[in-house]
Amino acid sequence: MKNRLNNFKVEYRIHCLIWISLIIGNGYCQSIPKPISLAGNWECGLDSLSVGADKVSFNYTVQLPGTLDMASIGKKIDFNPVMEHQTFAGLHRKVNYVGKAWYRKTINIPSELKGKKAFLNLERVIWRSTVYVDGKEIGTQSSLSVPHLYDISNSIESGDYELLICIDNSKQFNTGGSTYKSDWNGLLGDMSILFTDKTLISGVKINADADTKTVKAKVSGQFPTTADYKLKFKIFDKKSWKEVAENEYNIDDKKEYSLKIDSIIKQWDEFNPNLYMLETILLKNEKPVQYFSQDFGFRKIKKQDKVLLINGKKVFLRGTLSVKFLPPTDYTITSKAEWIRLFKIGKSFGLNHYRFHTNCPPKAAFDAADELGIYLQVEVANWSLNFGKDSTVVRFVREEANRIIAQNGNHPSFCLFSLGNELEGDYKLLNQIVSELKANDNRFLYTTSSFSFQKGHGENPEKEDDFFITQKTAKGWVRGQSIFNTEYPRFDKDYENSVSYVKVPFISHEIGQHAAYPDLTEIDKYTGVLSPVNLQAIKLDVDKKGLTNVVADYVDASGKLQVLLYKEEIERALKTNDMSGFQLLALCDWPANTAFIGMLNVFYQPKTYTDSTVFRHFCSELVPLAWFSKAVYTNNQSFEAEVGVTNYFQPLKNQELTCTLKDKNNSILHEKTLTVNEITDGKTAKYGKIQFDLSQIKTAQQLQFSITLEGTKYTNSWTVWVYPEKVTVNEEQVLFTESFEEAEKALNEGKNVLLSPPMNKIKGFAGKFLPVFWSPTHFNDWKQRSEVGTMGLLINPENLAFSYFPTETHSNWQWWDICKNSKTINIESLKVQPLVTVIDNYFKNRRLTNLFEAKVGKGKLIFSSINLKSNLEKRIEARQLRHSLIEYMKSDQFEPKITLEIKNLRQNIEMK
């Protein structure tokens, strides 16, 4: 039996409202012929006016599976790479075609297949397909989520036939949003004619229960229930191919059967993705008529109050959104090998969960996730903002949901199901549909919508929600978005208060979205159907403005700020025991809206400023954590932190947590080891406190605090800063002033001046610590956002102006108060060299700063649009920066290279 199983070559599945899966192998079931592949060249005609196949000219030849734009068929799109809103809507197809396209091919049916059932299988279509055989219409189907299946048994016998397929990729139902508005036209994945005997098993729904060691199989199909027909079931462990159960039954009307396994059950989860195969054999007079095989796993997902359990063990979902298409092809991926590659990359970044935003992936994705242990959330292609008003949309969503479940329900990776993204409309109806789905199939957990902006919804779970996805509950935010820009940085925060009242498992919606500056070298990677007009426009703009040589620095500095923010985002989620997970938006950049928000680019390649090893330090099944109140200290204080671990891996006994404080030379200043008797799994817990005296630190220093679980790969670290308790904030050699008039007088006298006017006396816009959210050109107020949106700081840490203010090249937490108490000024009209560059967003690309130096009159100037005067006893970062600047200005090294007229300074900066 093992040898025969190893000879399995192809797995096919067919569906109408149910699905069919046939395993074909050499010599394994000779009564079922191999399928006829339809891959190859097809004649093609375009029919944008819907005139019909008889009036269309078939003047193209296309390779299927494939798409029209892969064959460069359609309207050529010429977008000028100009800095306009439309350009930034996203990537653009080089050619595009929306409407009906006819595909024609002559097929041959061998005589030995006469009398067999025949099904045309079209794996992935957008939106609608209509099939004809020798001019006879077979039918029409509209599904974005499952294969289109046509029974063509009555239309073919043997010989040659003309197969004609019309694909209409225009939007068939107003499901809202940008969901499949104008995507590719073509056919992807498996295209074949499948054959079977007229007696037919058409589906087996598998319910596997590890507790009772039972597998329930509900068989559907068109076969007799007479005494000469029976069903035999066999279960195999796919790792060893050992048969673990076998039963034979007479066929009854219910066609529901139970199999008992006597051996040890191997359950399926992220750590042990154990798979089994159920083989269902239809017997006639004890002889096999049909074999039907389906993989499954012993995976039970359930909610217990607000806890999410898989196989009785609490789980925390570390997720990302999966885009429907990736360059360069920009079409649905139907290759299992490619999905394995993508999921392995996700796992290398510590993820265990993928949410398919308004889509259901092909079988290849489920198969890959089954093998690798990835928890999937699947959604109907539904982004409606008035759900319930259009009955055709309601019918489509209801039917599509049932099709998705029937097609993919046996996959253990299929864990969560949603009716769509950010839905608005009739929530009574949405709850009703969820109730119907739950009553029909309890193998998954359901939610009505992945968040909603509708008033009265979105901030609280719906009646039928098994789990709840939101950005903000009725008690507050559950992602860092605005919190990080309004609250002084502290690292002992979580979202417990916001989610404490929620009584179902809770997952935060689309966290992150912190944009970084785009890497313009990616332009050359667009060798397929997409044109990176947005990137080309940015490149032309920066070239024109003379910024080409700093783009790489912009990418690095803004990217490191991005990683910093993702770290705090994720750690706050991990510290919240009442949460069941988060979903990033996303691990990769998002092609739509020109949103560079990922650790990976749109090609799923890592960026230069981080890697999976760094990311796993704070995103993993086990993460050491620290709770401390701030990042900046004076040397008369102590660094105090509570130390703990989030553990969704396994219980660990007799562990040591080593806590270390090191300086920039990696020298250990303090070290303490906490002995922990047991680190329990399924929660985040604190295991002790550390207190490190800082009095021996006499100069301003940047330090690293780290926690390592000894003997393991698990480690995590944080940057902290220590400044002297007392520093000089002024000296006679340097004039510190808020007055333009006083500065002008002193400069004309040849003095060194640190000019830091009040904010209301400076032209510019309020300084920000956070970078652009999502994209500078996406939202309704995109014009305002692009005017004030920036992307962090670029600093030269070797500049002597920062000798007493340790810094890196990018924004870090010690710059938070400084940025928040500053104005960002435009220096395009001033020829000065910034000490600090404020990185502008990639739509504007202005030269911005909040700190620069210049020779002015007979003197030398540092201009600061940072508040370096107010409340310095509490704003120790600003005090230390002011001290560092003054010490630099007192030195012989203070020799600005650029000369600036005081008149120009005041004209361009002073607010009258």
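Considerations on the pairing of strand β22 (residues 276–284)
Item 1. Judged by how many residues are buried, β22 sits mostly within the fold: 8 of 9 residues are covered.
Item 2. In this sheet, strand β23 (residues 287–296) lies alongside β22 in antiparallel orientation, the contact comprising 9 bridges. Counted as the bridge partner of Tyr276 is Phe296 from β23.
Item 3. The hairpin turn running from β22 into β23, its antiparallel successor, is 2 residues long, and Asn285 in that turn takes a positive phi close to 55°.

As for the pattern of salt bridges
Item 1. Considering all chains together, one arrives at 51 salt bridges under this definition.
Item 2. Where Asp578 meets Lys306, a salt bridge forms, and the shortest distance between an N and an O atom there is 3.5 Å. Of the two residues, Asp578 sits in the loop between α9 (551–574) and β37 (581–584) while Lys306 sits in the loop between β24 (301–304) and β25 (307–310), which places them 272 residues apart along the sequence.
Item 3. Taking the relative accessible area as the measure of exposure, Asp578 reaches 21% and is therefore partly exposed.
Item 4. As a salt-bridge pair, Arg341 and Glu338 come within 2.8 Å of each other at their nearest N and O atoms. A residue pair is termed a helical-turn pair when its members lie 3 or 4 positions apart in one helix, as Arg341 and Glu338 do in helix α2 (residues 336–348) at 3 residues.

Some remarks on the nonpolar core
Item 1. Ranked by size, the top nonpolar core spans 188 residues in total, and within it Leu419 and Phe705 carry the most contacts.
Item 2. Setting aside residues up to four positions removed in sequence, Phe705 forms contacts with Ala626, Phe639, Ala641, Cys659, Thr660, Leu661, Ile690, Phe692, Asn716, Ser717 and Trp718.
Item 3. One finds Leu38, Cys44, Ile156 and Leu187 within the second-largest nonpolar core, a separate group that totals 31 residues.

Re the state of the cysteines
Item 1. Under the criterion given, the structure shown has 0 disulfides.
Item 2. As a non-bridged cysteine, Cys166 has Cys44 as the owner of its nearest cysteine sulfur, 10 Å distant.
Item 3. Take Cys360: it sits in no disulfide, and the sulfur closest to it among the cysteines is that of Cys415, at 13 Å.

Regarding the sheet that holds strand β18 (residues 214–222)
Item 1. Read from one edge to the other, the open sheet built from 3 strands follows the order β17-β18-β21, with strand pairing classed as antiparallel. Two strands in the sheet have a free side with no partner beyond their single neighbour: β17 (200–209) and β21 (256–260). For this sheet the average axis-to-axis angle between neighbouring strands, irrespective of direction, equals 25°.
Item 2. Sheet topology note: the β17/β18 ladder contains 9 bridges and is antiparallel. Its bridge partner being in β18, Ala208 is matched across the sheet by Val215.

With respect to the packing of aromatic side chains
Item 1. Summed over the entire model, instances satisfying the criterion amount to 53 aromatic pairs.
Item 2. With 4.7 Å between their ring centres and 20° between their planes, Phe173 and Phe396 make a pair best called stacked. Taken together, the positions of Phe173 in the loop between β15 (159–168) and β16 (186–196) and Phe396 in helix α4 (residues 391–408) put the pair 223 residues apart, joining distant regions of the chain. No difference in accessibility class separates Phe173 from Phe396, as the two residues are buried.
Item 3. Here Tyr488 and Trp816 contribute two aromatic rings whose centre-to-centre distance is 5.6 Å and whose plane-to-plane angle is 85°, an arrangement assigned as edge-to-face. Taken together, the positions of Tyr488 in the loop between α6 (483–486) and α7 (496–499) and Trp816 in helix α13 (residues 816–820) put the pair 328 residues apart, joining distant regions of the chain.

Details of helix α5 (residues 427–440)
Item 1. The end-to-end C-alpha distance of α5 is 20 Å, a good match for the 20 Å that 14 residues give at a rise of 1.5 Å each.
Item 2. Those residues of α5 that sit buried are Tyr427, Leu429, Leu430, Asn431, Ile433, Val434 and Leu437.
Item 3. Looking at the buried residues of α5, the elements they touch are α4, β30 (414–418) and β31 (445–447).
Item 4. One side-chain oxygen at the N-terminal end of α5 lies 3.1 Å from the backbone nitrogen of Lys428; it belongs to Asp426.

A closer look at the packing of helix α11 (residues 740–748) against helix α15 (residues 902–909)
Item 1. Running from amino to carboxyl end, α11 crosses α15 at an angle of 165°, the nearest separation of the two axes being 11 Å. Here α15 runs roughly antiparallel to α11, going by the angle between their axes. For the element pair α11 and α15, the recorded crossing hand is right-handed. In contact with Phe740, Glu741, Glu744 and Leu747 of α11, α15 contributes Ile902, Arg906 and Ile909.
Item 2. Of the residues in the contact of α11 with α15, the class split is 4 nonpolar, no polar and 3 charged.

What counts as what
Residues numbered from 1 in each chain as written. Predicted model: local features only at pLDDT ≥ 70, side-chain atom pairs only at ≥ 80, totals over all residues. Heavy atoms only, no water. Buried < 20%, exposed > 50% of the residue type's maximum accessible area, 1.4 Å probe, protein only. Helix = DSSP H or I, 4+ residues; strand = E, 2+ residues; numbered from the N terminus. Pairing = 2+ DSSP bridges. Salt bridge = Lys/Arg side-chain N within 4 Å of Asp/Glu carboxyl O. Core = buried A, V, L, I, M, F, W, Y, C linked by side-chain atoms within 4.5 Å. Contact = heavy atoms within 4.5 Å. Disulfide = S-S within 2.5 Å. Axes fitted to C-alpha atoms, helices over the stretch in contact; angles between N-to-C directions. Phe/Tyr/Trp six-rings, centres within 6.5 Å; stacked < 30°, edge-to-face > 60°. Expected span 1.5 Å × (residues − 1). Polar contact = N/O pair within 3.5 Å; in protein donor to acceptor, adjacent residues only side chain to side chain. Parallel < 35°, antiparallel > 145°, perpendicular 65-115°, else oblique. Left-handed = near helix turned anticlockwise from the far one by under 90°. Nonpolar A, V, L, I, M, F, W, Y, C, P; charged D, E, K, R; others polar.

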